[in-house]
Amino acid sequence: MDYSRLSPIQLDVLQEVGNIGAGNAATSLSQLLNEKVDMTVPAVNIINFDDIFSKIGVEEVVSGVIVRVLGDIPGNILFTLEKETALKIISKLLGEEQEEVTEIGSSVLCEIGNIISSSFMNAIAKLTNLTLMPSVPAVAVDMMGAILSTTFIESGQFDEYVLDLETQFLRENEKIRGHFYYIPMPGSLEKILNSLGVN
């Protein structure tokens, strides 16, 4: 199956799954931050893994939370935020200004990444009746290209396509952009589309 040629209906279905996951994540983040958070998925992109490096700022320093997806549709999830945005969220939760991502800051990001990843996985699981289980999250603060390279390329066992759900948060009238990458093992994305009846 050539994922780069998904039909508009298939992309719409994936966007809807993304929006359900984003809604769940927004509710959980609102409770965690004790303030209203809105989260949407304005764009769903299926991109060739090799092309991902030309479409993103590979030298931009980001905070990335990596979660392995286990179960019926194995793969990896990478959720990224600009480093400054991550520091603002950590500062809010810890109640004091943070200038670098410390060990406790990494724990905060792990929890946020866990909430967001689980929200998306739960949305997929409910809609598809597939079994998904997250691994313990890991945090990396580095250039985007370095995080992608070390996390995924070295594995060498992933599908050539990446599902990129561009995410947008709105908190305190501040828009926050993030990316939610799902790098499936071969056949996993096809299994999702089959289960949703749009293959």
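These lines cover the structure that appears in this document, whether it is placed above or below.

Quick notes on the rules
- Residues numbered from 1 in each chain as written.
- Predicted model: local features only at pLDDT ≥ 70, side-chain atom pairs only at ≥ 80, totals over all residues.
- Heavy atoms only, no water.
- Helix = DSSP H or I, 4+ residues; strand = E, 2+ residues; numbered from the N terminus.
- Contact = heavy atoms within 4.5 Å.
- 1 Å grid on protein atoms, 1.4 Å probe; cavity = no way out; pocket = protein on both sides within 12 Å on 5 of 7 lines; lining within 4 Å.
- Points joined across faces, edges and corners; volume = space filled by probe spheres on them.
- Nonpolar A, V, L, I, M, F, W, Y, C, P; charged D, E, K, R; others polar.
- Phe/Tyr/Trp six-rings, centres within 6.5 Å; stacked < 30°, edge-to-face > 60°.
- Buried < 20%, exposed > 50% of the residue type's maximum accessible area, 1.4 Å probe, protein only.
- Core = buried A, V, L, I, M, F, W, Y, C linked by side-chain atoms within 4.5 Å.
- Patch = residues over 30% accessible without salt bridge, like charges linked within 9 Å, V, L, I, M, F, W, Y side chains within 5 Å.
- Areas by Shrake-Rupley, 256 points an atom, 1.4 Å probe, with all protein chains shown as cover.
- Salt bridge = Lys/Arg side-chain N within 4 Å of Asp/Glu carboxyl O.
- Axes fitted to C-alpha atoms, helices over the stretch in contact; angles between N-to-C directions.
- Parallel < 35°, antiparallel > 145°, perpendicular 65-115°, else oblique.
- Pairing = 2+ DSSP bridges.

1. A closer look at the environment of Gln168
Then, number 1: Secondary-structure assignment places Gln168 in strand 6 (residues 161–171).
Then, number 2: Considered as a pair, Gln168 and Pro42 are 126 residues apart in the sequence and their alpha carbons are 7.1 Å apart.
Then, number 3: The contact partners of Gln168, leaving out residues within four places of it in the chain, are Asp38, Met39, Thr40, Pro42, Lys175 and Ile176.

2. Brief notes about empty space enclosed by the protein
Then, number 1: Scanning the entire structure with this criterion turns up 2 cavities of 30 Å³ or more.
Then, number 2: If you add up the space inside the largest cavity, you get close to 150 Å³.
Then, number 3: Along the walls of the largest cavity sit 14 residues, with Ile124, Leu163, Leu165, Phe180 and Tyr182 positioned nearest its centre.
Then, number 4: For the lining of the largest cavity, the elements supplying multiple residues, two or more each, are helix 1 (8–33), helix 4 (103–128), strand 6 and strand 7 (174–184).
Then, number 5: When residues in the lining of the largest cavity are grouped by element, the largest group, 3 residues, is from helix 4.
Then, number 6: Split by residue class, the lining of the largest cavity holds 14 nonpolar, no polar and no charged.

3. Structural notes on the packing of aromatic side chains
Then, number 1: A full pass over the atoms with the stated rule returns 2 aromatic pairs.
Then, number 2: Geometrically, the ring pair formed by Phe79 and Phe169 is edge-to-face, given 6.1 Å between the ring centres and 80° between the ring planes. Of this pair, Phe79 sits in strand 3 (residues 75–82) while Phe169 sits in strand 6, placing them 90 residues apart in sequence.
Then, number 3: Its relative accessible area of 2% is what places Phe79 among the buried residues.
Then, number 4: Relative to Phe180, the ring of Phe120 has its centre 4.1 Å away and its plane inclined at 25°; by these criteria the two rings are stacked. With Phe120 in helix 4 and Phe180 in strand 7, this residue pair connects regions lying 60 residues apart in the sequence.

4. Re the nonpolar core
Then, number 1: Core analysis: the biggest nonpolar cluster contains 45 residues, and Ile116 and Phe169 have the highest contact counts within it.
Then, number 2: Setting aside chain neighbours within four positions, we find Phe169 in contact with Leu29, Val37, Asp38, Met39, Phe79, Leu81, Ile116, Glu174, Lys175 and Ile176.
Then, number 3: Ranked by size, the runner-up nonpolar core spans 11 residues in total, among them Val62, Leu78, Ile147 and Ile183.

5. Focus: a nonpolar patch on the surface
Then, number 1: Side chains of Val61, Val141 and Met143 sit close together on the surface and give an oily, nonpolar patch of about 210 Å² of accessible area.
Then, number 2: Summarising the element assignment, Val61 is placed in strand 2 (residues 61–71).

6. Considerations on the packing of helix 3 (residues 83–94) against helix 4
Then, number 1: Where helix 3 contacts helix 4, the axes come no closer than 10 Å and their chain directions differ by 100°. Taken together, the axes of helix 3 and helix 4 lie roughly perpendicular to each other. Across from Ala86, Ile89, Ile90, Leu93 and Leu94 in helix 3, the residues of helix 4 making contact are Ile104, Gly105, Val108, Leu109 and Ile112.
Then, number 2: Split into classes, the residues belonging to the contact of helix 3 with helix 4 amount to 9 nonpolar, 1 polar and no charged.

7. A short note on the pairing of strand 2
Then, number 1: Where strand 2 lies against strand 5 (residues 138–143), 6 bridges are found, and the strand directions are antiparallel. Within strand 5, the position partnered with Ser63 by the bridge is Val141.
Then, number 2: Here strand 2 folds back onto strand 3, and the loop between the two strands holds 3 residues.
Then, number 3: Bridge count between strand 2 and strand 4 (residues 132–134): 3 bridges; the pairing is antiparallel. When the sheet's bridge partners are listed, Gly71 is paired in strand 4 with Leu132.

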